[in-house]
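# Geometric and topological summary
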Amino acid sequence: HQVFGYQGVNSARTLLFGTVDVRDGMVESLNTGGLSIEAPGESILAYMQGFNTEHSWPQGQFDRIDPMVSDLHHIYAVDVSSNGSRASYGFGYNGAEGSGLGPSTTDTRSRVYQVRRERRGDIARAHFYMVARYAFDPTVEIVFDDDMDDTNGRMDDDEEVLLRQWKLEDPVDDWERQRNERVHALQGNRNPFIDRPDLADRVSNF
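First, a word on scope: everything that follows refers to the structure included in this document. (Residues numbered from 1 in each chain as written. Predicted model: local features only at pLDDT ≥ 70, side-chain atom pairs only at ≥ 80, totals over all residues. Heavy atoms only, no water.)

## A closer look at the packing of aromatic side chains
On inspection of all chains with the given rule, the structure shows five aromatic pairs. Ring centres 5.9 Å apart and planes at 70° place the aromatic pair Phe128 and Phe193 in the edge-to-face group. With a gap of 65 residues between them, Phe128 in helix 4 (residues 117–134) and Phe193 in helix 7 (residues 192–195) connect regions that are remote in the sequence. For the pair Phe128 and Phe193, one class covers both residues: buried. (Phe/Tyr/Trp six-rings, centres within 6.5 Å; stacked < 30°, edge-to-face > 60°. Helix = DSSP H or I, 4+ residues; strand = E, 2+ residues; numbered from the N terminus. Buried < 20%, exposed > 50% of the residue type's maximum accessible area, 1.4 Å probe, protein only.)

## Considering the nonpolar core
In this structure, Phe91, Ile123, Phe128, Leu163 and Trp166 are the most contacted members of the largest nonpolar core, which totals 29 residues. Those elements that provide at least two residues to this core are strand 5 (75–79), helix 4 and helix 5 (157–169). Considering every element that reaches this core, the biggest residue donor is helix 4, with eight residues. Judged by nonpolar contacts, the second largest core, of 14 residues, contains Val27, Ile37, Ala46 and Phe51. (Core = buried A, V, L, I, M, F, W, Y, C linked by side-chain atoms within 4.5 Å.)

## As for the pairing of strand 5
Among the five residues of strand 5, five are classified as buried, and the element is accordingly described as predominantly covered. The alternating pattern of strand 5 places Ile75, Ala77 and Asp79 on one face and Tyr76 and Val78 on the opposite face, and all of these are buried. Relative to strand 5, strand 4 (residues 51–55) runs antiparallel, the two sharing five bridges. In the sheet register, Glu54 faces strand 5, and the bridge partner there is Tyr76. (Pairing = 2+ DSSP bridges.)

## Things to note about the side chain of Asn180
Within the fold, Asn180 resides in helix 6 (residues 174–187). Of the polar contacts made by the side chain of Asn180, one reaches the side chain of Asp195; its length is 3.3 Å. Leave out the neighbours within four places in its chain, and Asn180 touches His73, Arg190, Asn191, Ile194 and Asp195. (Polar contact = N/O pair within 3.5 Å; in protein donor to acceptor, adjacent residues only side chain to side chain. Contact = heavy atoms within 4.5 Å.)

## Considering the packing of helix 4 against helix 5
Remark: helix 4 packs on helix 5, axes separated minimally by 7 Å, with the N-to-C direction vectors making an angle of 125°. Classified by the angle between their axes, helix 4 and helix 5 sit oblique to one another. Two packed elements cross with a definite hand, and for helix 4 against helix 5 that hand is left-handed. Only Glu159, Leu163, Arg164, Trp166, Lys167 and Glu169 of helix 5 make contact with helix 4, whose side of the interface consists of Arg117, Arg120, Gly121, Ile123, Ala124, Arg125, His127 and Phe128. Grouping the constituent residues of the contact of helix 4 with helix 5 by class yields five nonpolar, two polar and seven charged. (Axes fitted to C-alpha atoms, helices over the stretch in contact; angles between N-to-C directions. Parallel < 35°, antiparallel > 145°, perpendicular 65-115°, else oblique. Left-handed = near helix turned anticlockwise from the far one by under 90°. Nonpolar A, V, L, I, M, F, W, Y, C, P; charged D, E, K, R; others polar.)

## With respect to the pattern of salt bridges
One pass over the full model with this rule turns up 17 salt bridges. Here Arg116 and Glu118 are joined by a salt bridge, their closest N and O atoms 3.9 Å apart. The class of Arg116 is buried, set by a relative accessible area of 9%. Residue classification places Glu118 among the partly exposed positions, given a relative accessible area of 48%. For the salt bridge of Arg119 with Asp122, the shortest nitrogen-to-oxygen distance reads 3.0 Å. Placement of both Arg119 and Asp122 in helix 4 is noted, with a separation of three residues, approximately one turn of the helix. Taking relative accessible area as the criterion, Arg119 reaches 7% and is therefore assigned buried. (Salt bridge = Lys/Arg side-chain N within 4 Å of Asp/Glu carboxyl O.)

Here it is as structure tokens:
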């Protein structure tokens, strides 16, 4: 796909705040519903208004390099506070109201980040995309991994169970489809788990 880079003019961050995540002239935080800013166009202007970029698949798990770091299918506009709280923690249920960090209520992980119900399916489908796109791509010259076993390129088992549930709780909606179209127009590739939500059920192990 077309790689724009993460910083600078015409970067993925600029496209995110200028086009991809703009609805009715506003940019909403994925994690904090109702918290929005007028579309700033430039990422530096977004940062000055308390917004940053969330990598649903943590940057540290692919050494912060392209094409993963700037792939628009898994980066989202978020408020700085929730971005800092999520950090690189995995996703899970923790009993929070909406989005927030806390001990997992469904498995043994000590801290997990729970995404609000309205957007948790987006995160699930972004994760499925990232595995399908990169885990076995021979052109990616680093380990791309999430489950602490750097020989298999797979997602953490506890997180995978959780994300399969999230995709059911928050089905694909019109906004997610529109966003997929926008990313396709820019990058030239699509998230097939948005186009065909049933595909995830046909994959036995991410």
